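Here's the letter readout for the chains.
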Amino acid sequence: MSSIAIVLGSVRPGRAGEQVVRWIEEQARQLENVKTIFVDLCDYDLPPFAEEMPPSMKAPELAEAVRLRANLEANDAVVFVTPEYNNSIPGVLKNAIDYVPPASLKDKAVGLVGYSWHGGVAALGHLREIVATLGAAIPEQQVSINLGSDFQDGTFTPSEELNGQLRELLASLA
């Protein structure tokens, strides 16, 4: 059985990302032998990264960083779900990734899902660069969600095209 950690990179109240994570979980349940775990950054108390040594030299010992690392390492793959803030990823997501030793993501399958009024394209590009630096195995397929056309009255309503893109991404990770 393959396990996929779904990391939500937003901590804002009323964030659209929770609906996106639920959709990913629902789509993953349709695949044989795939289970998911929701890694919500709201549940982690990670202060701004200010360790004496970089994680590439010494894994952070802060309890919350150890817990995050363990949750990522315990799974076969990771999907990062990110909104786009000012043409990039949220600071909370970058901060969380800064706590992760490169070995935790090295050669691990990592999928990318972004959302914004422009499909999260700029954020996905930055996130791809960040996790590639850590040695993650990132498939070409990524999912871009538009807050205008893919949400109706605040409710996420994925199209068949989006469902297909996500199924393809999940299959490549599993």
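Residues numbered from 1 in each chain as written. Predicted model: local features only at pLDDT ≥ 70, side-chain atom pairs only at ≥ 80, totals over all residues. Heavy atoms only, no water.

K.L.:
Now, about the pairing of strand β5 (residues 143-146): what can you tell me, with residues and values included?
P.N.:
Across the two faces of β5 the burial differs, with Val143 and Ile145 buried and Ser144 and Asn146 not buried at all. Note that the unit made of strand β4 (residues 109-116), helix α5 (residues 121-133) and β5 has a crossover that is right-handed. (Buried < 20%, exposed > 50% of the residue type's maximum accessible area, 1.4 Å probe, protein only. Helix = DSSP H or I, 4+ residues; strand = E, 2+ residues; numbered from the N terminus. Right-handed = clockwise from strand over helix to strand, strands pointing away.)

K.L.:
Hey, could you go over helix α3 (residues 91-98) for me, with residue numbers and the actual values?
P.N.:
All of the buried residues along α3 are Leu93, Asn95, Ala96 and Ile97. The secondary structure elements touched by the buried residues of α3 are β1 (2-8), α2 (63-73), β3 (77-83) and α5. (Contact = heavy atoms within 4.5 Å.)

K.L.:
Now, about the packing of aromatic side chains: what can you tell me, with residues and values included?
P.N.:
A ring pair, where both rings are aromatic, is described by two values, the distance of the centres and the angle of the planes. Within the structure shown, the criterion is met by three aromatic pairs. Relative to Tyr99, the ring of Phe49 lies with its centre 5.0 Å away and its plane at 80°, an arrangement referred to as edge-to-face. With Phe49 in the loop between β2 (34-40) and α2 and Tyr99 in the loop between α3 and α4 (102-105), this pair connects stretches of sequence that are 50 residues apart. Judged by centre distance (5.0 Å) and plane angle (35°), the ring pair of Phe151 and Phe156 falls under tilted. Each member of the pair, Phe151 as well as Phe156, carries the same accessibility label: buried. One aromatic cluster in this structure is built from Trp23, Phe151 and Phe156. Over the ring of Tyr44 we find Arg67; its NZ or CZ atom is 3.9 Å from the centre of that ring. (Phe/Tyr/Trp six-rings, centres within 6.5 Å; stacked < 30°, edge-to-face > 60°. Lys NZ or Arg CZ within 6 Å of the ring centre and 35° of its normal.)

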